[in-house]
Amino acid sequence: MSLLQVTNLHATVGAQDEQKAILKGLNLTVNPGEVHAIMGPNGSGKSTLANVLSGRPGYTVTEGSMHLADADLAELEPHERAQIGLFLAFQYPVEIPGVSNMEFLKASVDSLARARGEDQTNTATFIKHIRQLATSVDLDPQFLKRGVNEGFSGGEKKRNEIMQLLLLEPKLAILDETDSGLDIDALQVVAEGVNRYKSENNGVVLITHYQRLLDYIVPDFVHVLADGKIIQSGDKSLALELEDKGYAWLT
Amino acid sequence: MSQTSVDDLVEARSEYSAGFVTDIESDTLPPGLDEHTVRFISARKGEPQWLTDWRLKAFAHWKTMPEPTWAHVHYPPIDFQEISYYSAPKSQADGPQSLDEVDPELLRTYEKLGIPLHEQAVLAGVVNANMPPAPSMGSNVAVDVVFDSVSIATTFKEKLAEAGVIFCPISEAVHSHPELIQKYLGSVIPQKDNFYAALNSAVFSDGSFVYIPKGVRCPMELSTYFRINERNTGQFERTLIIADAGSHVSYLEGCTAPMRDENQLHAAVVELVALEDAEIKYSTVQNWYPGDENGKGGIYNFVTKRGLCGGARSKISWTQVETGSAITWKYPSVVLRGDDSVGEFYSVALTNNRQQADTGTKMIHMGKNTKSTIVSKGISAGRSENCYRGLVRISPTAENARNFTQCDSLLIGGECGAHTFPYIENKNNSAIIEHEASTSKVSDDQLFACQQRGIDSEKAVGMIVNGFCKEVFRELPMEFAVEAGKLLEVSLEGAVG
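What counts and what doesn't
Residues numbered from 1 in each chain as written. Chains lettered and ligands numbered in written order. Predicted model: local features only at pLDDT ≥ 70, side-chain atom pairs only at ≥ 80, totals over all residues. Heavy atoms only, no water. Contact = heavy atoms within 4.5 Å. Buried area = accessible area lost by both parts, 1.4 Å probe. Salt bridge = Lys/Arg side-chain N within 4 Å of Asp/Glu carboxyl O. Polar contact = N/O pair within 3.5 Å; in protein donor to acceptor, adjacent residues only side chain to side chain. Axes fitted to C-alpha atoms, helices over the stretch in contact; angles between N-to-C directions. Helix = DSSP H or I, 4+ residues; strand = E, 2+ residues; numbered from the N terminus. Left-handed = near helix turned anticlockwise from the far one by under 90°. Nonpolar A, V, L, I, M, F, W, Y, C, P; charged D, E, K, R; others polar. pLDDT = per-residue confidence, 0-100. Pairing = 2+ DSSP bridges.

Caption draft 1: Just the interface of chain B and chain A, in detail. The interface is formed by 15 residues belonging to chain B together with 29 residues belonging to chain A. When chain B packs against chain A, the two sides together hide about 1900 Å² of surface, and 64% of this comes from carbon and sulfur. Three residues stand out in chain B for area buried against chain A, namely Phe448, Gln452 and Arg453 of chain B, and they jointly supply 40% of the buried area on that side. Counting across the interface, chain B meets chain A through three salt bridges. The interface formed by chain B and chain A contains 10 residue pairs in polar contact (both at pLDDT 80 or more).

Given below as structure tokens:
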């Protein structure tokens, strides 16, 4: 069975009376072990796809379907989608002052465990584990005591997202322009984290503007999204071609 | 209250039966308030003449006072003639007979707060709640707790007596320690202080009296004892705490569970006196009935609380977590008269649905080198109104006074309000006064970020709000800090879609 199956997905954004159609019949299949890159011009619907899949409020699915393994995502609340293994690395990670990273991550891990009927991780074990993960993405473990993303630099916020990916080990990871605003060192740390996470049991959807990230995380498929639909798919050479020619020749 | 303590009360009262001037048989007065009402209450309690006169003086003044309207709260006019001002302790037959008869909604809340079954029964006013329940009523744990709390109460009494601490109903102290009552009652909050304090002075029902002798550190948090014993304390409570030179006491009032209470108007008075080098820490967790989603019902909590740092190097610290009541109107204050004395105010006030809170503090600096700290956290959700009102006054005599104030507001949703009214009056150039304020909002993005990590929105709001209140919670006695956190979550139920 495919990991992610998106069929003829139509979605709009905005309040009831002024909805704007963004996704217009999108199809995507991700099998376990695959990395899919989604590229496309500004406003083509890349981030909308990530938001619709993860259930961000403000978006409405008007047609089509989306399944993670055998679960119909449209029927699940955002936290339930996370609980069955859907992870979104945010383009703009939000600050939550007063809630420490440590507390936030423990609450997350506990919620996932509870939903899956597993035992809660013992706090000491958890702290040890999370400290190691922080170090592995070049974050000072002191960060864990600070408020979630509070006063973090852009790079630190993105590395924090990758640390969470490694901690939660989801079935499907969607990375929404995680590479934007990163210098080359941070980019390598992020890519190294994603490669470490990747296995034959899980899948990755990389949303990106630039081919650069794909030098470090090699995709099995590259898709071009334009005007709410995938208009071209290929292997990693398509990304290079786009780098060369831009999107105009496709649209 | 256990059978024994009821008997004790009856007995104590009969001793003063000679003082009764009326032969009304009923133990509950019909609604209405005039001089006779005041005399009746005083007589019922067998009070000495001076206290009857004291009450009458308060009443005479109250009649001349207008009801205050300056607070940022709105409610229909209160008819003070519609209220019954005296009701004897509830008879055994009045309360629910078992937990089965208690509103299941209330029990659900208790359960969420993690309150043991036995305490649930006491809080809900179940008759004979101190009796060990039938085995079917709960687990072994709950039964253990029952036995524990009965014995704890006794052990506490002995321990306190050993240390010389006086801790008893104020009506009892009037007879057992008249010299202390006469000296200190109304010494911090005079009868004429304000409309509600005057009303309370005229008709106060009962409350607690605490005296800590010189140099004594109270051997326990008075809270624990209180929690087990107090309920249905009545609407005109009066508390007086005196910490003699060099003594120390920590007192927790209220309860983290919603109290079963039929009274609409609560006008309590709390007076604290700290003599030289003494320290009083007074914590409140208030979760009275807030009314329903549409603002129907709920308690009007109009309270006057003030402490006097009378002696040099004394310290008074107020910590409050206010989540209940339809309207909260209270400003726990400190008069810093002793040199080098310290006043503190740590507050969390949460309003949801149609609740209104106008709360804050007054720090009155009179002595040299006096210091005060104010940390106020207001959380508004639903269509509620939350208001901080504070006064920092530096008198000409207060050389080198120091104040730090921090007022933070957190908004949840788009229909609530947060307001800050800080007043600063400085009459001494050597003073240093700092004021910081912030307003923030729980954003949809923050909630979604939590949900995307598997945390449901209710839990997420709870986490964010708890983080916001951290600085205040750490001032609470430890066991209550945890409960206070849970309480916020319960109070915020339904605040997010």
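Following the structure, the description resumes.
Caption draft 2: Looking closely at the packing of helix H3 (residues 101–115) of chain A against helix H5 (residues 154–168) of chain A. Residues and elements named next belong to chain A. Where H3 meets H5, the closest approach of the two axes is 11 Å, and the angle between their N-to-C directions is 30°. Of the two elements, H3 crosses H5, and the hand of that crossing is right-handed. Each of Asn101, Phe104, Leu105, Ser108, Val109 and Leu112 in H3 lies in contact with H5, whose residues at this interface are Asn160, Met163, Gln164, Leu167 and Leu168. A class-by-class count of the residues in the contact of H3 with H5 yields seven nonpolar, four polar and no charged.

Caption draft 3: Fine view of the confidence of the model for chain B. Residue and element names in this part refer to chain B. Across chain B, the average pLDDT comes to 79, with 75% of residues at or above 70. Within chain B, strand S11 (residues 333–336) carries the highest mean pLDDT (97), whereas helix H1 (residues 3–15) carries the lowest (37). Low pLDDT, under 50, characterises residues 1–26; the stretch is placed with 25 contacts to residues that sit more than four places away or in other chains. In the predicted structure, residues 129–152 sits below a pLDDT of 50 and forms 24 contacts with residues beyond four places in sequence or in another chain. Across the assembled chains, the prediction reports ipTM 0.95 with pTM 0.79.

Caption draft 4: How the structure looks around the sheet that holds strand S4 (residues 59–68) of chain A. All names here are of chain A. Within the open sheet, the four strands sit side by side as S2-S1-S4-S5. Their pairing is antiparallel. The open sheet has two edge strands, strand S2 (20–30) and strand S5 (71–72), and neither has a second partner. For strand S1 (residues 4–13) and S2, the ladder comprises eight bridges, and the chain directions are antiparallel. Note that in S2 the partner of glutamine 5 across the bridge is threonine 29.

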